[in-house]
Amino acid sequence: MADSNTRTQRPLSPHLQIYRPMLTMMMSIVHRATGAALYFGTLLVIWWLVALAAGPDHFSYVQDIAGSWFGRLVLFGYTWALVHHALGGLRHLVWDTGRGFDLELVEWMARLNLAGSVVITVVIWLIGYSAMGGL
Amino acid sequence: MSLRTPMSKVRGLGSAKSGAEHFWRQRVTAIANIPLMILFVAVLVSNLGGNHASVTASIGSPMIAILFLLIICSAVYHMYLGMQVIIEDYVHGEGLKIVCILGNIFFAVVIGLAGAFSILKLSFGS
C-alpha cells in the first residue's frame, strides 16, 4: 500500500465518464454494487434471526416491518441483488477457468445474467406469495 | 531482466505478502455460497407466514441450524473479503483506509457472531 498522500498533480487516466456505457461494463459495476448492497442487507437478515431468538414479541415487531409495503420492497430488491450477484459470480467462476472470453459469448452471458436475475427473482416471489395463499 | 530475488519468485507472494490467498478464499466461499444460498432461500420461503413457534422449530431443527451456521460462516467471510477490496479500491487516504478496514473486520465479526449465537439459541432452546 503506497502512501497516496504523496501524489502530486499527475495526469489522470481516462475515467468512467469518458467511455460509452456498455452492457458488460454496467454489469461489472452492478456486480460490485449488489455485493455492497448485500453486505449491508445481511444486517437485516441477522436482525431477523436475533429477533427470532429474542422471543415472540421482538419477532412479530420485525415481521410487521418486513411485511409492510416498504419492507417488501426492500426484500424484493434484496432478493434481486442476491440472485444477480450469484449469477454474476457464476460468470466469474467460468472466467476463472480461462474460458468464456470470446466477445460474443461475454455479451451473451451478460444478457443471460440480467434476464436470469429478473426471472428468478420474480419466480421466487411468486412461489412465496402462492405459499402464503396470496395468489 | 527481473529484479526479483530467486526466493521472492519461489514464494510468489507479491507486494501484499499474501500471494493469491485473498483471491482463493473469495472463490472458495463463492462456490460454497451457491448451494448454501439456494437452500437458504428455500428455507426462508417455506417459512413465510409462519408464527414464532413454527419458525423457531423449523430453523432450530438440526439440519437447518447446521445449514444456517454454514451459510453465515461462508457468506460473512465472502462479504468481508469483498468489502476489503472495495475499500482498497476507493479509499485512498491512509488513515481513513485503516479505519474502514478495521470497521469492515468488526462489522463482519459482530454480524457473524450475532447470527451464529441466534441459531444456536434457537436450536438448543432458551
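Each remark here, short or long, concerns the structure printed above.
One structure accompanies this document, and this report is about it. No experiment lies behind these values; they were computed from the predicted model shown.

Calculation criteria
Residues numbered from 1 in each chain as written. Chains lettered and ligands numbered in written order. Predicted model: local features only at pLDDT ≥ 70, side-chain atom pairs only at ≥ 80, totals over all residues. Helix = DSSP H or I, 4+ residues; strand = E, 2+ residues; numbered from the N terminus. Buried ≥ 20, exposed ≤ 12 C-beta atoms within 10 Å, placed from the backbone. Contact = placed C-beta atoms within 7 Å. Rg over C-alpha atoms; globule rule 2.2 N^0.38 Å. Core = buried A, V, L, I, M, F, W, Y, C linked by C-beta atoms within 7 Å. Axes fitted to C-alpha atoms, helices over the stretch in contact; angles between N-to-C directions. Left-handed = near helix turned anticlockwise from the far one by under 90°. Nonpolar A, V, L, I, M, F, W, Y, C, P; charged D, E, K, R; others polar. Expected span 1.5 Å × (residues − 1). Parallel < 35°, antiparallel > 145°, perpendicular 65-115°, else oblique.

**Considering the overall build of chain A**
Next up, step 1: If you tally the helices and strands in chain A, you get four helices and zero strands.
Next up, step 2: If you line up chain A on its principal axes, its C-alpha atoms span 60 × 40 × 30 Å.
Next up, step 3: Per-residue burial for chain A yields a buried fraction of 21% across its 135 residues.
Next up, step 4: Within chain A, contacts between residues at least 6 apart in sequence are counted, and of these 65% link residues at least 24 apart.

**Observations regarding the overall build of chain B**
Next up, step 1: Scanning chain B from terminus to terminus reveals five helices and zero strands.
Next up, step 2: When the helices and strands of chain B are placed in sequence order, the string is α-α-α-α-α.
Next up, step 3: A globule of 126 residues ought to have a C-alpha radius of gyration of about 14 Å, yet chain B, at 20 Å, is considerably larger.
Next up, step 4: The principal-axis extent of the C-alpha atoms belonging to chain B is close to 70 × 30 × 25 Å.
Next up, step 5: A burial count over chain B gives 21% of its 126 residues as buried.
Next up, step 6: Within chain B, counting contacts between residues at least 6 apart in sequence, those at least 24 apart form 69% of the total.

**Some remarks on the nonpolar core**
Next up, step 1: Ranked by size, the top nonpolar core spans 30 residues in total, and within it A:Leu49, A:Leu52, B:Ile59, B:Phe68, B:Val76 and B:Met79 carry the most contacts.
Next up, step 2: Counting residues per element, the ones that place at least two in this core are α1 (23-54) and α3 (69-96) of chain A together with α3 (52-60), α4 (62-90) and α5 (94-124) of chain B.
Next up, step 3: Residues contacting B:Ile59, with those up to four places away along its chain left out, are A:Leu52, B:Ile64, B:Ala65, B:Phe68 and B:Leu122.

**What to know about the packing of α3(A) against helix α4 (residues 103-131) of chain A**
All names here are of chain A.
Next up, step 1: Viewed as axis vectors pointing N to C, α3 and α4 meet at an angle of 145 degrees, and their least axial separation amounts to 9 Å. Like other packed secondary-structure pairs, α3 and α4 cross with a definite hand, here right-handed. For the pair α3 and α4, the contacting residues are Phe76, Thr79, Trp80, Val83, His84, Leu87, Gly88 and Arg91 in the first and Met109, Asn113, Gly116, Ser117, Ile120, Thr121, Ile124 and Trp125 in the second.
Next up, step 2: Its residues assigned to classes, the contact of α3 with α4 shows eight nonpolar, seven polar and one charged.

**Describing the interface of chain A and chain B**
Next up, step 1: In this assembly, 28 residues from chain A lie in contact with 28 residues from chain B.
Next up, step 2: Counting only elements with at least two residues in the side of chain A that touches chain B, the list comes to α1, α2 (56-67), α3 and α4 of chain A.
Next up, step 3: Broken down by element, the residue count for the side of chain A that touches chain B peaks at twelve residues, all from α1(A).
Next up, step 4: Class assignment of the residues belonging to the side of chain A that touches chain B gives a composition of 18 nonpolar, seven polar and three charged.

**Details of α5(B)**
Next up, step 1: Over its 31 residues, α5(B) runs 45 Å from end to end, which matches the ideal 45 Å to within 8%, given 1.5 Å per residue.
Next up, step 2: Inspection of α5(B) places B:Ala108, B:Ile111, B:Gly112, B:Gly115, B:Ser118, B:Ile119 and B:Leu122 among the buried residues, and these make up the whole buried set.
Next up, step 3: Check the buried side of α5(B) and you find it contacts α1 of chain A together with α3 and α4 of chain B.
Next up, step 4: Within two residues after α5(B), B:Gly125 carries a phi angle of roughly 90 degrees, on the positive side.

**Brief notes about the packing of α1(A) against α3(A)**
All names here are of chain A.
Next up, step 1: Where α1 meets α3, the axes come as close as 9 Å, and the angle between the chain directions of the two elements is 130 degrees. In terms of their interaxial angle, α1 and α3 are classed as oblique. Crossing handedness for the pair α1 and α3: left-handed. Residue-level contacts link Met27, Val30, His31, Thr34, Gly35, Ala37, Leu38 and Gly41 of α1 to Tyr78, Ala81, Leu82, His84, His85 and Gly88 of α3.
Next up, step 2: Grouping the amino acids of the contact of α1 with α3 by side-chain chemistry returns seven nonpolar, seven polar and no charged.

**Points about the environment of B:Ala75**
Next up, step 1: Tracing the backbone through its elements, the reader meets B:Ala75 in helix α4.
Next up, step 2: Residues B:Ala75 and B:Ala30 lie 45 residues apart in sequence; the distance between their C-alpha atoms is 8.0 Å.
Next up, step 3: Ignoring any residue separated from it by four or fewer positions in sequence, one finds B:Ala75 in contact with A:Thr42 and B:Asn33.

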